[in-house]
Amino acid sequence: MRGRPWALLLLAAVLAAAAAAADIPEADRRSGYELMSPELRAMQDDELSNPGMFSVLDGERLWQEPGGAAGTACAGCHGDAEESMRGVAARYPAFDAALGRPIDLAGRISQCRTERQEAEPLPRESEALLALSAFVAHQSRGLPIDPPDDPRLQPFRARGAELYQTPIGQLDLACASCHDDNWGRRLGGSTIPQAHPTGYPLYRLEWQALGSLQRRLRNCMIGVRATPFDFGAPELIELELHLMARAAGMAMETPAIRP
Amino acid sequence: MKVLGLGAAMIGLAVIPASVQEAPVPFRIVGDAIPASLTGSPGDPARGAVLIGERHKSLCVLCHAGPWPDPHLQGTLGPDLSGVGARLDAGQIRLRIVDPKHLDPATIMPAYYRLPEPGRNVAEAFAGRTILSAAEIEDLVAHLASLKD
């Protein structure tokens, strides 16, 4: 009997180390922000030069605007976003009991709009939905990402982790092939970031527009010649759950700038 | 279609369907090389030099630097291919393009002449095709084998 528990503990430690081997150690985690040029960082930091702030302002207007058959504004239910929305985006995706699955921030905003305001749904990637998402997420700027430890999220998060590790597309690459194993190297002219979802929705110079995390993930999938998951697909929300868990504790940046 | 790219470097990967439709021809691996040409004849190094630069088709320069134009747009995911023809012979280069996973199953370099395993969710435009054709690979081999320094 004696010695056995030690052997088991050792085994557990070795297994844990093996499981974490490919992950980026906490001390080495870097937001995409830290891999950008000083000029782009300055552009992100300065609210007057950050083009994402236009959408945040748009979102603020939409927040105040009564709409739908119910004739209520977001502000009508939630009041001052600076208080009521502080930290919210840092905790999403969250479990939606009625749906029986996780919902992302844009999904929740859409849901409020159709069910509470009784208004037309806002399509994914529409300017209005991006603006509202950016406005709400901006209320978490600087706060640490804080994924809920709701056990109902766990199986979805685990599936996201598995998707992240699975090679896809004609190029047969996993998210992890680039973002865990090769971050900091260059793919053509672009530095490969660690894929932290800290800044979304964000303004991408290449898009010349604000875009969502889902748009980014679909781009990466298309790049490896895979069929991208549809906007709003459960898989994209599972991936987001995993990315948020990987980035736990990192500061929210919305609206970030990326090249 | 610009918005569909993976980033400046990979814009357009998805919009140019692979030119390859033929099923891969059989080939024989000897040691760490495929000694015989896939087409039975030598490739054209000039065509290979052009193909290397076609970043949305061959993709080579997304990962590799080498003696080609626009070094700032060349990637650093793989080794610099300058002088590769002095390090490796044509047969060794051929296997490293056809199926680098034969030498290292964990490599990130795609196998250019092997169909993906099932379940890879390959986009329709590329499904059932190898990334490059046998003739294109022979052109690349001829070009790379000529890079002696």
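Computed from a predicted structure; not experimentally measured.

A. Highlighting the overall build of chain A. Secondary structure assignment for chain A yields 11 helices and seven strands. On C-alpha atoms alone, chain A measures out to a radius of gyration of 20 Å, which is about the 18 Å that the 2.2 N^0.38 rule sets for 259 residues. Each principal axis of the C-alpha atoms in chain A carries an extent, and together these give about 70 × 45 × 35 Å. Looking at the 259 residues of chain A, the share that counts as buried comes to 51%. Here the analysis covers contacts within chain A between residues at least 6 apart in sequence; of these, 67% occur between residues at least 24 apart. Within the structure as shown, chain A displays about 12,300 Å² of accessible surface, and the carbon and sulfur contribution to it stands at 57%. Put simply, chain A has 26 plus and 34 minus side-chain charges, and the middle of one group is 6 Å from the middle of the other.

B. The arrangement of the pattern of salt bridges in detail. Counted by the stated rule, this structure contains 21 salt bridges over all chains. Taking the shortest distance from any N to any O, the salt bridge between Arg47 of chain B and Asp44 of chain B comes out at 3.8 Å. The salt bridge involving Arg47 of chain B is made with Asp139 of chain B; its shortest N-O contact spans 2.9 Å. Of this pair, Arg47 of chain B sits in helix 1 (residues 45–53) while Asp139 of chain B sits in helix 5 (residues 134–145), placing them 92 residues apart in sequence. What makes Asp139 of chain B buried here is its relative accessible area of 6%. Taken together, the salt bridges that share partners define one network made up of Asp172 of chain A together with Asp99, Lys101, Arg114, Glu117 and Arg120 of chain B.

C. Quick peek at the interface of chain A and chain B. Of the residues lining the interface, 30 residues belong to chain A; the matching set on chain B comes to 40 residues. Taken together, both faces of the contact between chain A and chain B bury some 2,800 Å²; the carbon and sulfur share is 54%. In this structure, the connection of chain A to chain B is made through two salt bridges. Here Lys101 of chain B and Asp172 of chain A are joined by a salt bridge, their closest N and O atoms 3.4 Å apart. Joining chain A to chain B, the criterion identifies 11 residue pairs in polar contact (both at pLDDT 80 or more). At the level of secondary structure, the elements contributing two or more residues to the side of chain A that touches chain B comprise strand 3 (186–187) and helix 10 (213–223) of chain A. A per-element tally of the side of chain A that touches chain B places helix 10 of chain A first, with seven residues.

D. Representation of the nonpolar core within the structure. Residues Ile97, Ile137 and Leu144 of chain B are the most contacted members of the largest nonpolar core, which totals 49 residues. Contributing elements (two or more residues each) for this core: helix 9 (175–179), helix 10 and helix 11 (234–246) of chain A together with helix 1, helix 2 (60–63), helix 4 (90–98) and helix 5 of chain B. At five residues, the largest contribution of residues to this core is made by helix 5 of chain B. Residues contacting Ile137 of chain B, with those up to four places away along its chain left out, are Leu38, Ile97, Val98, Tyr112, Tyr113 and Leu132 of chain B. Core analysis: the next-biggest nonpolar cluster, separate from the first, contains 37 residues, Leu40, Ala75, Ile145 and Ala247 of chain A among them.

E. Spatial organisation of the packing of aromatic side chains. As enumerated under the stated definition, the model contains three aromatic pairs over all chains in all. For the cation-ring pair, Arg218 of chain A lies above Phe231 of chain A, with the distance from its terminal atom to the ring centre recorded as 4.5 Å.

F. How the structure looks around the state of the cysteines. Scanning the entire structure with this criterion turns up zero disulfides over all chains. Cysteine Cys175 of chain A remains unbridged, with the sulfur of Cys220 of chain A as its closest cysteine sulfur at 7.4 Å. Note on Cys60 of chain B: no disulfide assigned, nearest cysteine sulfur contributed by Cys63 of chain B at a separation of 8.8 Å. Since its relative accessible area comes to 12%, Cys60 of chain B is described here as buried.

G. Structural detail: the environment of Gly91 of chain B. Residues and elements named next belong to chain B. You can see Gly91 is positioned in helix 4. Residue class for Gly91 comes out buried when judged on its relative accessible area of 6%. Beyond its immediate sequence surroundings of up to four residues, Gly91 is in contact with Ala33, Ile34 and Pro35.

H. Here's a closer look at helix 4 of chain B. Residue and element names in this part refer to chain B. Burial analysis of helix 4 places seven of its nine residues in the buried class, which makes it a mostly covered element. Among all positions in helix 4, only Gly91, Gln92, Ile93, Arg94, Leu95, Ile97 and Val98 are buried. N-cap assignment for helix 4: the residue whose side-chain oxygen lies 3.0 Å from the backbone N of Gly91 is Asp89.

I. Just the sheet that holds strand 6 (residues 209–211) of chain A, in detail. Residue and element names in this part refer to chain A. What the three strands build is an open sheet, ordered 6-5-7; its pairing is mixed. The open sheet is flanked by strand 6 and strand 7 (257–258), the only strands paired with a single partner. Here strand 5 (residues 202–204) runs beside strand 6; their pairing, made up of three bridges, is antiparallel. Bridge pairing links Arg204 to Ala209 in strand 6.

J. Seen up close, unusual backbone geometry. With omega at -10 degrees, the peptide bond leading from Tyr200 of chain A into Pro201 of chain A counts as cis. Across the junction of Thr254 of chain A and Pro255 of chain A, the peptide omega takes the value -5 degrees, indicating a cis bond. Of note, the phi angle at Asp172 of chain A is positive, near 60 degrees, even though the residue is not glycine. Turning to its location among the elements, Asp172 of chain A is positioned in the loop between helix 8 (154–165) and helix 9. Phi at Asp70 of chain B takes a positive value of approximately 55 degrees, unusual for a residue other than glycine. On the secondary structure map, Asp70 of chain B appears in the loop between helix 2 and helix 3 (84–87).

What counts as what
Residues numbered from 1 in each chain as written. Chains lettered and ligands numbered in written order. Predicted model: local features only at pLDDT ≥ 70, side-chain atom pairs only at ≥ 80, totals over all residues. Heavy atoms only, no water. Helix = DSSP H or I, 4+ residues; strand = E, 2+ residues; numbered from the N terminus. Rg over C-alpha atoms; globule rule 2.2 N^0.38 Å. Buried < 20%, exposed > 50% of the residue type's maximum accessible area, 1.4 Å probe, protein only. Contact = heavy atoms within 4.5 Å. Areas by Shrake-Rupley, 256 points an atom, 1.4 Å probe, with all protein chains shown as cover. Lys, Arg positive; Asp, Glu negative; His and termini not counted. Charge placed at Lys NZ, Arg CZ, Asp CG, Glu CD. Salt bridge = Lys/Arg side-chain N within 4 Å of Asp/Glu carboxyl O. Buried area = accessible area lost by both parts, 1.4 Å probe. Polar contact = N/O pair within 3.5 Å; in protein donor to acceptor, adjacent residues only side chain to side chain. Core = buried A, V, L, I, M, F, W, Y, C linked by side-chain atoms within 4.5 Å. Phe/Tyr/Trp six-rings, centres within 6.5 Å; stacked < 30°, edge-to-face > 60°. Lys NZ or Arg CZ within 6 Å of the ring centre and 35° of its normal. Disulfide = S-S within 2.5 Å. Pairing = 2+ DSSP bridges.

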